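Observations on the three-dimensional arrangement
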Amino acid sequence: MGRHSKPTESKAKRNSVIALAGLVPTGLVAAANAGGATIVLPFLTTAKASPLTDAPAKQAPAPEPEAIVPEPATATPAFAAAPAPAPAAAPAPLPEGPLGIPAINYDAYRSAERVLAERNPTCGISWMQVAGVGRVESSHANGGKADERGNLIEPIIGLPLDGSLPGQAVITDTDGGALDGDTVYDRAVGPTQFIPSTWALYGTDGNGDGVADPQNLYDAAASTASYLCDGGTNMRDIVSATKAILRYNNSMAYVANVTAWSLAYSTGVNPSSADLPRIH
C-alpha cells in the first residue's frame, strides 16, 4: 500500500478555503447584492470583513487552486513464489544377477553377504553360496515372485514332514501352525525352506523393518547365511563349507548341487548335468 504524508495545518486551512470558495455559486452572490445582504466567508479575511454594497467594485480574481501533488506510492516489493519441490527421483531398477537370477533375489543375496560381513566377518560367506541354496530350495522363489520389498506374492510352504517320503524325517508341529499353517506336522517355509523350529533360532531381520519373516527374500537370505555361519564355520574352506551345508540338508547330493550353483554364479557358466546329481 502507498504511504501519504499528513497535510500541515496551514495547508489544510488553505485547501478548506479553496474548497469553500468553490462551493459559493456566483448566482448566490448576485442575489445577495440585489437584496443588500452581507456575506462573510470564514477564514477568508484577516481584518474586519467589508460588507458588500450596491456600489460596483472590482472583485479580485479568485486565487487559482493550488495543485496538490500526491506523493508517489511506494511499491510493495513482489516476492516470488517459492518453487515447488522437485518430485523425488524414481529409484534405479535393480540389476539382474548372473545366469538369470531375478533382480530382487540378487539384491537379497548380496544384502545377506553384507549383513554377515558385519555380524560374523570370520565366516567369509559369499552371496553366491546363499544364492546356491536359494536356487536349489525354490528356484529363487519361483523366479522372483516377490514385491519390491522382497515379500513373496504367494507364500512357499513345503509338504508335511510326516515321514511319508523316502528319507524324510518326521517332525511334529513346533510352532502351533504360526508359520506353516499346520498344527500337526512342521513344514519347511519360505524361499530357503526353514523348518519352524530352526527359524526360531536363526530367523534374521535382513531388511531392517523390525520383523524376521521367512516369506521375505531379504530375511530368508540373511537367515540362511546366519545358519551356515553358525558354530565357527569358515565358508571359504571347502571342508568347513560342506559340513555347514550338510546341516541344512544331510545329503551329499544336496551339497553337490548347492556347490555347483555357487561356482556357476561366480564364473557365469551354467553347471553341467553331471554336476547336479538327483537329490533323494
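Rules behind the numbers
Residues numbered from 1 in each chain as written. Predicted model: local features only at pLDDT ≥ 70, side-chain atom pairs only at ≥ 80, totals over all residues. Heavy atoms only, no water. Helix = DSSP H or I, 4+ residues; strand = E, 2+ residues; numbered from the N terminus. Polar contact = N/O pair within 3.5 Å; in protein donor to acceptor, adjacent residues only side chain to side chain. Contact = heavy atoms within 4.5 Å. 1 Å grid on protein atoms, 1.4 Å probe; cavity = no way out; pocket = protein on both sides within 12 Å on 5 of 7 lines; lining within 4 Å. Points joined across faces, edges and corners; volume = space filled by probe spheres on them. Nonpolar A, V, L, I, M, F, W, Y, C, P; charged D, E, K, R; others polar. Expected span 1.5 Å × (residues − 1). Buried < 20%, exposed > 50% of the residue type's maximum accessible area, 1.4 Å probe, protein only. Axes fitted to C-alpha atoms, helices over the stretch in contact; angles between N-to-C directions. Parallel < 35°, antiparallel > 145°, perpendicular 65-115°, else oblique. Left-handed = near helix turned anticlockwise from the far one by under 90°. Disulfide = S-S within 2.5 Å.

Things to note about the side chain of T192
- Here T192 lies in the loop between β2 (187-189) and α5 (196-202).
- Side-chain polar atoms of T192 contact the side chain of T224, separated by 3.1 Å.
- Setting aside anything within four residues of it in sequence, one finds T192 in contact with V133, G134, E137, A220, T224 and Y248.

Considering empty space enclosed by the protein
- Under the definition given, this model contains one cavity of 30 Å³ or more.
- Considering only enclosed or pocket space, the largest cavity measures out at about 60 Å³ in volume.
- Residue lining of the largest cavity: N105, A108, Y109, G134, S138, H140, A141, P191, T192, L217, A220 and A221, and that is the complete set.
- Ranked by the residues each element gives to the lining of the largest cavity, the list is headed by helix α4 (residues 127-144), at four residues.
- Grouping the constituent residues of the lining of the largest cavity by class yields seven nonpolar, five polar and no charged.

A few points about helix α6 (residues 217-229)
- Along its 13 residues, α6 runs 18 Å from first to last C-alpha, staying within 8% of the 18 Å computed at 1.5 Å per residue.
- By the criterion of burial, α6 is predominantly enclosed, with 13 of the 13 residues buried.
- Between the side-chain oxygen at the start of α6 and the backbone nitrogen of Y218 there is a gap of 2.9 Å, and the oxygen is on N216.

Describing the packing of α6 against helix α7 (residues 238-248)
- Put simply, α6 and α7 touch, their axes get as near as 8 Å, and they point 120 degrees apart. One element, α6, and the other, α7, form an angle in the oblique class. For the pair α6 and α7, the sense of crossing is right-handed. Residues T224, Y227 and L228 of α6 form the contact with α7, whose participating residues are A244, I245, R247 and Y248.

Observations concerning the packing of helix α3 (residues 103-119) against α4
- Interaxial distance between α3 and α4 falls to 10 Å at its minimum, and their mutual angle equals 150 degrees. Our classification of the angle between α3 and α4 gives roughly antiparallel. As for how α3 packs across α4, the hand of that crossing is right-handed. Contacts between α3 and α4 pair I104, N105, Y106, Y109, R110 and E113 from the former with W127, V130, A131, G134, R135, H140, A141 and G144 from the latter.
- Classifying every residue of the contact of α3 with α4 gives seven nonpolar, four polar and three charged.

Here we look at the state of the cysteines
- As enumerated under the stated definition, the model contains one disulfide in all.
- Disulfide pairing places C123 opposite C229 at an S-S distance of 1.9 Å. One disulfide, between C123 and C229, carries an S-S torsion of -75 degrees and so falls in the left-handed class. Of this pair, C123 sits in the loop between α3 and α4 while C229 sits in helix α6, and the two are 106 residues apart along the sequence.
- With relative accessibility at 0%, the residue C123 sits in the buried group.

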